[in-house]
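Below, each chain spelled out in residue letters.
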Amino acid sequence: MIVDFLAGAVPDEDAFTLSEAVTHGRLRGYAEHFGGTLKPARTHAEVTERWQAAREAARERVPSEEDFLRMLADGGIALAGVYTESFGSRLGVPTADNGVVADFVKRHSDKVVGFGGVDPWEIDAARTVDEAVELGLSGVVLSPFKQQLLPDDPRMARVYGRCEALGVPVLLHTGINWSLDAAYDVGHPRYIDAVATAFPDLKLVALHAAWPWVEDMMMVTWRHENVYVDLSAHRPRTFTRPNSGWESLLQFGNRQLADKVLFASTWTLLGVPPADLVAEVRALPLKDDVMDKWLGGNALRLLGRV
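If you're wondering where the values come from, they're calculated on a predicted model, not measured in any experiment.

Here is what the cut-offs are and how they apply
- Residues numbered from 1 in each chain as written.
- Predicted model: local features only at pLDDT ≥ 70, side-chain atom pairs only at ≥ 80, totals over all residues.
- Heavy atoms only, no water.
- Helix = DSSP H or I, 4+ residues; strand = E, 2+ residues; numbered from the N terminus.
- Rg over C-alpha atoms; globule rule 2.2 N^0.38 Å.
- Buried < 20%, exposed > 50% of the residue type's maximum accessible area, 1.4 Å probe, protein only.
- Areas by Shrake-Rupley, 256 points an atom, 1.4 Å probe, with all protein chains shown as cover.
- Lys, Arg positive; Asp, Glu negative; His and termini not counted.
- Charge placed at Lys NZ, Arg CZ, Asp CG, Glu CD.
- Polar contact = N/O pair within 3.5 Å; in protein donor to acceptor, adjacent residues only side chain to side chain.
- Pairing = 2+ DSSP bridges.
- Right-handed = clockwise from strand over helix to strand, strands pointing away.
- Axes fitted to C-alpha atoms, helices over the stretch in contact; angles between N-to-C directions.
- Parallel < 35°, antiparallel > 145°, perpendicular 65-115°, else oblique.
- Contact = heavy atoms within 4.5 Å.
- Nonpolar A, V, L, I, M, F, W, Y, C, P; charged D, E, K, R; others polar.

**What about the overall build of the protein?**
Part 1: Tallying secondary structure elements over the protein gives 15 helices and eight strands in all.
Part 2: On C-alpha atoms alone, the protein measures out to a radius of gyration of 18 Å, which is about the 19 Å that the 2.2 N^0.38 rule sets for 306 residues.
Part 3: Principal-axis analysis of the C-alpha atoms places the extent of the protein at approximately 50 × 40 × 40 Å.
Part 4: Considering the protein as a whole, with its 306 residues, one finds that 56% of them fall into the buried category.
Part 5: As displayed, the protein has an accessible area near 13,000 Å², and 50% of this comes from carbon and sulfur atoms.
Part 6: Positive and negative side-chain charges in the protein, numbering 31 and 42 respectively, have mean positions lying 2 Å apart.

Next comes the structure, spelled out in structure tokens:
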């Protein structure tokens, strides 16, 4: 059974558009890095103009629910994660409500699981975790560089503690970020190590496997029973290229950490259908039983579905 642990935003026009637009329209540095000749936005007017343009561009790419489910089926994906985030207090832009994710999950509970957004700056952040779980969501997503907090900040701790108590995972951005308004190393594995030490029973998923600090991430994952990594936002076909930085993932993920790696497509970020990304994972030099774990077994265990 293939599980796409983090497929992308909900295929709802507003939710999808807001999720897509923030990358190229609000995070200074992303459009400039990936957009070729763009110069960094330096004024409020420039940022506003890019945000509006990005929302319009994203609106043209929204898949229908039928198209989204068909994409999953084409990849042989039996279960996929959809999500939203919450960072409005820092970035000043709206995000989709957790209820939108929950409604989609209810309509397709046999095919999708949902993860909610929590803003650690909000005084009732812990209560938001409770509400997300009550809505039927399976965990929460935190993006420290968007929320302008280090992962081990005390404000984050309120969310970690509640998730630990409820037994639901926290999906935490790790690795490099291209934002010109955040430190480049806010996603370093040392912060995951600190959080996992303080909350040993908390299930932590280090999104993007903390590239380019993958070797450090492997050691942190090895140190802590409840730390996992996912493959989102990266092309698996690059993992075998010389000097790619992924050598330790293939080494340890094929052996000692075979139970800790989760396939995730985030297909919209890559612009690649999930089926192609599944095929790229299948082409990796993994043992047969490890392949099955990466593509679904580990995620099912983490979600309590085995």
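**Concerning the side chain of Thr 84**
Part 1: Its place among the elements puts Thr 84 in the loop between β2 (77-83) and α5 (88-91).
Part 2: A distance of 2.9 Å separates the side chain of Thr 84 from the backbone oxygen of Ala 96, its partner in a polar contact.

**Concerning the pairing of strand β7 (residues 227-230)**
Part 1: Judged by which residues are buried, β7 turns out to be covered on both faces: Val 227 and Val 229 on one side and Tyr 228 and Asp 230 on the other are all buried.
Part 2: Relative to β7, strand β6 (residues 204-207) runs parallel, the two being bridged by three bridges. Looking at β7, one finds that Ala 206 is bridged to Val 229.
Part 3: Handedness of the crossover is the feature at issue here: the chain leaves β6, passes through helix α11 (residues 214-223), returns alongside β7, and the resulting connection is right-handed.
Part 4: Across two bridges, the pairing between β7 and strand β8 (residues 261-262) is parallel. When the bridges of β8 are listed, Val 229 appears paired with Val 261.
Part 5: As for the winding sense of the linkage, the β-α-β connection from β7 through helix α12 (residues 247-253) to β8 is right-handed.

**A few points about the packing of helix α10 (residues 189-198) against α11**
Part 1: At their nearest, the axes of α10 and α11 sit 9 Å apart, and the two run at 10° to each other. Taken together, the axis directions place α10 and α11 in an arrangement best described as roughly parallel. Contact residues: Pro 189, Ile 192 and Asp 193 in α10; Asp 216, Met 217, Val 220 and Arg 223 in α11.
Part 2: Here the contact of α10 with α11 is composed, by residue class, of four nonpolar, no polar and three charged.

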